[in-house]
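Summary of structural features
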Amino acid sequence: MTVEATAPATDTADAFSCSKLFVEYRTRDKVLRVLEDVGFSCAQGEFLSILGPSGTGKTTLLRILAGLLTPGQGSSVRFRGQEITGPPTGVGIVFQNYAASLLQWRTVERNVALGLEGRTSKSERDERVREALELVGLADRGSDYPWQLSGGMQQRVQIARSLVMRPEVLLMDEPFGALDAMTKAQLQDELLKVAAVTGATVVFVTHDIDEAVYLSDRVLVLAGKPATVGRELRIDLPRPRDQVATKELPAYLAARHRVYEALRAESEAQAETQSGSGAQ
Amino acid sequence: MTVEATAPATDTADAFSCSKLFVEYRTRDKVLRVLEDVGFSCAQGEFLSILGPSGTGKTTLLRILAGLLTPGQGSSVRFRGQEITGPPTGVGIVFQNYAASLLQWRTVERNVALGLEGRTSKSERDERVREALELVGLADRGSDYPWQLSGGMQQRVQIARSLVMRPEVLLMDEPFGALDAMTKAQLQDELLKVAAVTGATVVFVTHDIDEAVYLSDRVLVLAGKPATVGRELRIDLPRPRDQVATKELPAYLAARHRVYEALRAESEAQAETQSGSGAQ
Amino acid sequence: MRRLLGFAVPVIAILLWQLVKSTGLLPYDNIPAPSDIWSSTVDLASSGELLANTGHTLAACLGGWALGCVLGLLLGLLLGLVRPAWTYGMASVEVLRALPAISFVPIVVILLAQTVEMEIVIAAWVAIWPVAISTIDGVRGVNPVHQDLARSLGLSPVAKVVKFALPTALPKIVVSLRLSLSAALVLAIVAEIVGDPDGIGYALVQEQQSLRPAAMFSYILLTGVLGIVLNFILVWALRFVPGARQAAMGADDAA
Amino acid sequence: GGSSGSTSSSDGSIRVALNNTNDSLAVVVAQQQGFFTKHGIKDVKTTTLNDITLVPSLLNKQYDLGFSVAPIMLRASSSGVPLVAVSGNNGDSPEDQSVQIFVRPDITDVKQLKGKRIGSPTLTGNINISTKAWLSSNGVDPAAEQFVQVPTPNMIDELKAGQVDAVEVINPFISVGKQAGMHSLGDPERALSPNYLGGTYWIASKDWTSANPKLADGFKAALQDAAQWIKANNDQAYTALAGYTKVTAEQAKKSPLGEFTTEVSQDDLKIWGDAMKKFGGFNGTVDYSKLVYTGAK
Amino acid sequence: MPRKTRKSGVAPLRGLLPLALLLVLWQVIGDSSSTFFPPPAAWFSQTWELTSGGALLDGLLATLETFVVSLVAATVIGAVLGLLIGRVPLAERLLGPILEYFRFLPGVALVPLAVLLVGYTESMKLYVVVFGALWPVLLQVRQSAKAADVILSDVASTLRLGKFAAFRKIHLPAIVPGLLLGVKIAAPLTLVLVLVVEISTQVSGLGKLMETAQQNFQSAQVYGLVVVVGLVALVINMLVSAAEGFLLRYRPEH
Ligand SMILES: Nc1ncnc2c1ncn2[C@@H]1O[C@H](COP(=O)(O)OP(=O)(O)OP(=O)(O)O)[C@@H](O)[C@H]1O
Ligand SMILES: Nc1ncnc2c1ncn2[C@@H]1O[C@H](COP(=O)(O)OP(=O)(O)OP(=O)(O)O)[C@@H](O)[C@H]1O
Ligand SMILES: [Mg+2]
Ligand SMILES: [Mg+2]
């Protein structure tokens, strides 16, 4: 059943915990505050989805969790109880902009192998790369260059690149956004399987409500300008999940409905504040 | 109601008509045939969606319709009865790779104004740019540079850039793929409104079955390696459509189901041929 | 056929030149006719002088170029990637790279005598800067998503340079390798004209003073041929450098 | 190539830097006829140099002796470079007109050169100083002229093309120019002194002469022999000239050989120094006596 | 706190520190009577003498004038040719080989030829300098023109921009970073070439002063003039970098 979540707890068993998090982008002529007083935590092994309107700060939040962006002074962001100062080990990331994230001068195979180089033997590396490419359905395109692939294929290369590292934590920014329904469903299941087997924590940004509900233990809705955590919804569906069976559960439909309502409420609230204050 | 479509007719009232269309990509060491014997036509004012697995050739097809790619010898692709030799007038396109298609050195406003420059007066241009940006919800970001925007925002800039031209034909490659449900719904409705008012023809690539059904008069499913038009489904839902009312119609659900089935059947058929022949 | 198109322009130019010369429109003794240049080239080639001088100049040019490129690359990486190095060194580089190499010839002669080493130093000096500047510019152009990726994969600084910075900079570096090559060749010849009694530069002055302008032109024109050959080899060799393939091909075609 | 730097030549051999004109004939002849060996020099290596890097090469001991001209020697010496003239080179000979001022066809008198553009092989060299003195003695102010540096082989063409109005030409280009119909306003060399003024020398660093006085003496004696031999064997001398300058024998014969001398006159050097002060912007101080090698004591 | 907008722009003057230290070291341990390696203090005093008759200023102005005109000409010609052969395959086929050939001709050896055809004029200096200085711009522009994203060309053609508008609005801005890199490399090279031509013809400028000093064995003055050239170059490079900072201001980095 879907349950309104409790206040974020700080606990060393958490993979991530944030409090009083805020972020400002400084450009030549203005300062844009994107996140404000964001507080939440994510338990180890949890599958947490983040939803929110376009431009609300989801990518920004993910980059902070990845240790790629330093939040404003006074913010606290912890990974396993430690304040984050740089990219923590064992954290993999799939970027939203797949085209920019691939190395154009490397073949698909060598893009996937990137993080393994110098860390594993050549034979193990080849084996793991092959497995990862098979997982995303690109086993036969290993020797192509990124520009020879379609958009969805490029995105899958990126997914393979992070899975091949067997990360304990996966940060994924709209990883399945460019994929068709079938490929998407297949990769969702693979991801759930990988997470279950390895016990990995996943923080997952998506725009697809069905996807968020199907995959997650919990959904955060970011909204507002600057954005904060508007709602937090626990998704209590049994695991392992199944594309047909799970989606036919009444609990699934109820959860889906609640997430939808939460999103609508948040966007409406946002639209109001926005027209009211004119701030941005 | 959903009706299996008839064989493609060649008619000068058609916006596009293709027959015997095939495409090969030639790289250093191999030739990859992507499309094979594709034949269909698209009437003026029709809203045609194209669905299909990732990497099947949807983007390729759209680039051919836009006159950006020359198909193989013997293919016939006509726009309003004329063989296409270069980009035809009145055709706007929204690219899948939004990041690469924006001019990084121009602000949002000036990216949108690009096609109007020298063709309208300054005041009209400013007015139309403002309108277009408002339509996509970016009225307050006109003076930012593309890198200061989120992924979804960049995609919306691209949409504004093609709408501002008031094209008679719009070719859109996963235009709403990077958007959240609310923004997406809103832009879908705006697009339908624009198409209705201007009588524009739209060819729309998407992975979202709901979106395809909600927007289209007809859906083509591309599948196979090399791909061809696997199914063609007419969507006979009343217009104007409405996010709530239309989606509650039994006819909507039935259409959705048929499209889903068509897609699944095609991908399964493809998976079989593939494992059978090993060709690619 | 399409490849031959490139020869059209030079062939027409040579024919025109021959024409104005044989009709007496160009009365200068120091500009010989192409036919004379050709026959003197044949003479020089058969006497072995041409080969010996070319070999000397080539050695100096390639030695200086290789040295300059390596130094330029290292310098460029240092300044492009290490912020304090840039802050506390870039202005010095800006000053150094504008110093006219030929005004140093007498000084280098004091240190190294009139030897091929002197030429190598002069050629290296001019080869360093294009490579260094392109490397600085290139390694800074690593796209933001790639920077994020490299950090999140926890790559070592060396791996970041090898896997991201260098490949990103490569197209620009390839262009500057070619620029440096021509600069090194020209400066090696200038050093021979001014200082070292050997090689093409020395020979062309000697030929001029011995009243053989045709032979002098043989050497001058030979330099261009030498350049084309060197450039062709460079572009060809770059195809074997992983990642440089595309960059080299984008840059070549002339050869 | 140039032999390597700083080996000392106490082994009885010498390395000599030549130039590519008639000026080096005596050394070449001395080498060919065995005069160096005769005077106790075991081995002679010669190299033809293009330019004025000679002085640095003497300092770094790459060469022991080299061809030079008075202005270079005086300037180097006043800057503290310890040089000496071991031997003279050109001597007096009335028929020798080794420098000529060629002019454009429409110029027939020195006075017409006023304010004109004149091409000179080296702006600070002996020929240009002589030319300035010559202009001055003919009532033309050299300060009002525009002097430009032109490589000697290009002078005739540039004159033809009208890019310069007059040029200071030396052999073998004088004969080339005459063949081409150029006309000359005369020889400026005697403008500095009624007597022929030697301006070319074989120089060495003071270090070398003090360390190897025997070799220096031998060098000078060998040149003395060569001078006599050249006088007696004019035809063979032309063959030698053609050999190292690489001009054809026919071409070589067109320029007079002149006389060779090994004398170095302190007075001559002083005349040069004064002329340089007057016309060459030179303001250094020179001890002329120290410039002349006086032989082993 | 957010992604740093790194200002590469103009190199700070602090960067002269290594050179300054080197000079101080030279002054301290150098031999003050050395003919060819006089210590820096002597450079200053000897070079200062040149300011008396205005010779230094005249030379500086002559050199600067040729420099500015040549750099502008080299940039324009290099950019036009680079774009042409980078974008028009026929032009590449026709001109590629001959340009590749010219690139390696030793410009200095061609000075006599230029003199013969043009004379001892400022424009002769210009021809020779431009001939040698346009290559960095040409090659970098050609590379950028070839590397430009195909999607941008697609944007131009689907918006039906027309050849000229597409060029001005898309292809030209897309090569600006390459152009600037070319100019950055070409600027000091141009200065060097101006000096080389001045040295070998002694027509005018700092090069003439330098050659005169050289022939007079006034090494200290040569070094002093070299320092002047270095400072000029520093100022020029700062200007080029500032122009780059301005033209590429749209970029997050750089
Ligand atoms: N480098 C930057 N400089 C300035 N502003 C930025 C920068 N990056 C992002 N922003 C702004 O911050 C806000 C949040 O951006 P972010 O990319 O985090 O959004 P998002 O939630 O991921 O959106 P989307 O779903 O469209 O990807 C946006 O308004 C964007 O314009
Ligand atoms: N420039 C190219 N060179 C070689 N192969 C290419 C090129 N562009 C596309 N392809 C190949 O053509 C096929 C179809 O690509 P296309 O981009 O049309 O797919 P798509 O249907 O748009 O896929 P997606 O939904 O993932 O965007 C793919 O297999 C792709 O690898
Ligand atoms: Mg985002
Ligand atoms: Mg696509």
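Residues numbered from 1 in each chain as written. Chains lettered and ligands numbered in written order. Predicted model: local features only at pLDDT ≥ 70, side-chain atom pairs only at ≥ 80, totals over all residues. Heavy atoms only, no water.

**Considering the overall build of chain C**
Looking only at helices and strands, chain C features 12 helices and 0 strands. Counting from the amino terminus, helix and strand elements in chain C follow one another as α-α-α-α-α-α-α-α-α-α-α-α. Looking at chain C as a whole, 60% of its 255 residues are labelled buried. Counting contacts in chain C only where the partners sit at least 6 residues apart, residues at least 24 apart contribute 71% of the total. With an accessible surface of roughly 9500 Å², chain C has 76% of that area assigned to carbon and sulfur atoms. Averaged over its 14 positive side-chain charges, chain C has a centre that lies 19 Å from the centre of its 15 negative ones. (Helix = DSSP H or I, 4+ residues; strand = E, 2+ residues; numbered from the N terminus. Buried < 20%, exposed > 50% of the residue type's maximum accessible area, 1.4 Å probe, protein only. Contact = heavy atoms within 4.5 Å. Areas by Shrake-Rupley, 256 points an atom, 1.4 Å probe, with all protein chains shown as cover. Lys, Arg positive; Asp, Glu negative; His and termini not counted. Charge placed at Lys NZ, Arg CZ, Asp CG, Glu CD.)

**A short note on the UniProt feature "transmembrane region" (unreviewed entry) in chain E**
With numbering matched to this structure, UniProt assigns "transmembrane region" (unreviewed entry) to residues 67-86, 98-118, 178-200 and 220-248 of chain E. Strand forms 0% of residues 67-86 of chain E and helix 100%; the C-alpha atoms that close the span are 27 Å apart. (UniProt positions renumbered as here; feature names shortened; annotations may be inferred.)

**Looking at the sheet that holds strand β6 (residues 82-83) of chain B**
All names here are of chain B. Taken in spatial order, the 4 strands make up an open sheet running β3-β2-β5-β6, and their pairing is antiparallel. Every other strand in the sheet has two partners, leaving β3 (31-43) and β6 as the edge strands with one partner each. Bridging between strand β2 (residues 14-26) and strand β5 (residues 76-79) involves 4 bridges; their strand directions are antiparallel. The partner of S19 across the bridge, within β5, is S76. This element, helix α1 (residues 58-65), spans β2, β3 and β5 of the sheet and lies at about 125° to β2. (Pairing = 2+ DSSP bridges. Axes fitted to C-alpha atoms, helices over the stretch in contact; angles between N-to-C directions.)

**Some details on the pattern of salt bridges**
Evaluation of the coordinates by the stated rule reveals 60 salt bridges over all chains. The shortest N-O distance in the salt bridge between E100 of chain E and R178 of chain C comes to 3.6 Å. With one member in each of two chains, E100 of chain E in helix α4 (residues 89-103) and R178 of chain C in helix α9 (residues 157-194) form a pair that bridges those chains. In terms of burial, E100 of chain E and R178 of chain C fall into one category: buried. Between D274 of chain D and K270 of chain D there is a salt bridge whose closest N-O contact spans 3.1 Å. Of this pair, D274 of chain D and K270 of chain D both sit in helix α12 (residues 266-279), 4 residues apart, roughly one helical turn. D274 of chain D gets classed as partly exposed once you look at its relative accessible area, which sits at 38%. Through salt bridges with shared partners, a single ionic network connects E24, R26, R33 and E36 of chain A. (Salt bridge = Lys/Arg side-chain N within 4 Å of Asp/Glu carboxyl O.)

**Let's talk about the site of ligand 2**
Taken together, 21 residues are adjacent to ligand 2, and R141, Q148 and S150 of chain A together with T59 and T60 of chain B come closest. Neighbouring residues of ligand 2 are not confined to one chain but are distributed across chains A and B. Interatomic distance of 3.4 Å between a backbone N/O atom of G151 of chain A and an oxygen atom of ligand 2. Contacts to ligand 2 include G55 of chain B, whose backbone N or O atom sits 2.8 Å from an oxygen atom. When ligand 2 is considered free in solution it has 640 Å² of accessible area, and contact with the protein chains removes 91% of it. At the level of elements, α5 (151-163) of chain A together with β3 and α1 of chain B are the ones that each hand at least two residues to the shell around ligand 2. (Near = heavy atom within 4 Å. Polar contact = N/O pair within 3.5 Å; in protein donor to acceptor, adjacent residues only side chain to side chain.)

**Examining the arrangement of the chains**
For this structure, the chain pair with the highest number of contacts among 8 pairs of chains in contact is chains C and E. Chain A makes no contact with chain D; the smallest distance between any of their C-alpha atoms is 45 Å. Contact between chain B and chain D is absent, and the minimum C-alpha spacing across the pair is 48 Å.

**As for the coordination of the magnesium ion (ligand 3)**
Residue and element names in this part refer to chain A. Coordination of the magnesium ion (ligand 3) by the protein is provided by T59 (OG1) and Q96 (OE1), with metal-donor distances spanning 1.9 to 2.1 Å. Taken together, the residues span a long stretch of sequence, with T59 in helix α1 (residues 58-65) and Q96 in the loop between β7 (91-94) and α2 (98-101) at a distance of 37 residues. Residue class for Q96 comes out buried when judged on its relative accessible area of 12%. (Donors = N, O, S within 2.8 Å, 3.2 Å for Na, K, Ca; no water.)

**Section: the coordination of the magnesium ion (ligand 4)**
Looking at the magnesium ion (ligand 4), one finds its protein donor set to be T59 of chain B (OG1) and Q96 of chain B (OE1), positioned 1.9 to 2.1 Å from the metal centre. The class for T59 of chain B is partly exposed, based on a relative accessible area of 28%.

**Examining the interface of chain C and chain E**
Contacts between chain C and chain E engage 65 residues on the former and 64 residues on the latter. At the boundary of chain C with chain E, total buried surface from both sides reaches about 6000 Å², with 71% on carbon and sulfur atoms. For the pair chain C and chain E, the number of links is 2 salt bridges. Close ionic contact of K184 of chain E with D137 of chain C constitutes a salt bridge, the shortest N to O distance being 3.3 Å. Scanning the region where chain C abuts chain E turns up 11 residue pairs in polar contact (both at pLDDT 80 or more). Residue contributions to the side of chain C that touches chain E peak at 12 residues, all from α9 of chain C. By residue class, the composition of the side of chain C that touches chain E is 40 nonpolar, 14 polar and 11 charged. (Buried area = accessible area lost by both parts, 1.4 Å probe. Nonpolar A, V, L, I, M, F, W, Y, C, P; charged D, E, K, R; others polar.)

**As for the side chain of H146 of chain C**
Relative to the elements of secondary structure, H146 of chain C occurs in helix α8 (residues 144-152). Using a relative accessible area of 4% as the deciding quantity, one classes H146 of chain C as buried. For H146 of chain C, the contacting residues outside a window of four places in its chain are A100, S101, L102, L103 and W105 of chain A together with F164 of chain C.

**Some remarks on the packing of aromatic side chains**
For the structure on display, the rule yields 18 aromatic pairs over all chains. Consider the rings of W125 of chain C and W129 of chain C, whose centres lie 5.3 Å apart with planes at 80°: the pair is edge-to-face. Here W125 of chain C pairs with W129 of chain C, and both are found in helix α7 (residues 116-139), just 4 residues apart, close to one helical turn. Residue W129 of chain C is classed as buried on the basis of its relative accessible area of 9%. Summarising the aromatic geometry, the rings of F102 of chain E and F131 of chain E are spaced 5.9 Å apart at their centres and angled 65° between planes, so their arrangement reads as edge-to-face. Of this pair, F102 of chain E sits in helix α4 while F131 of chain E is found in helix α6 (residues 122-147), placing the two residues 29 residues apart along the sequence. Overall, F102 of chain E belongs to the partly exposed group, its relative accessible area being 32%. (Phe/Tyr/Trp six-rings, centres within 6.5 Å; stacked < 30°, edge-to-face > 60°.)

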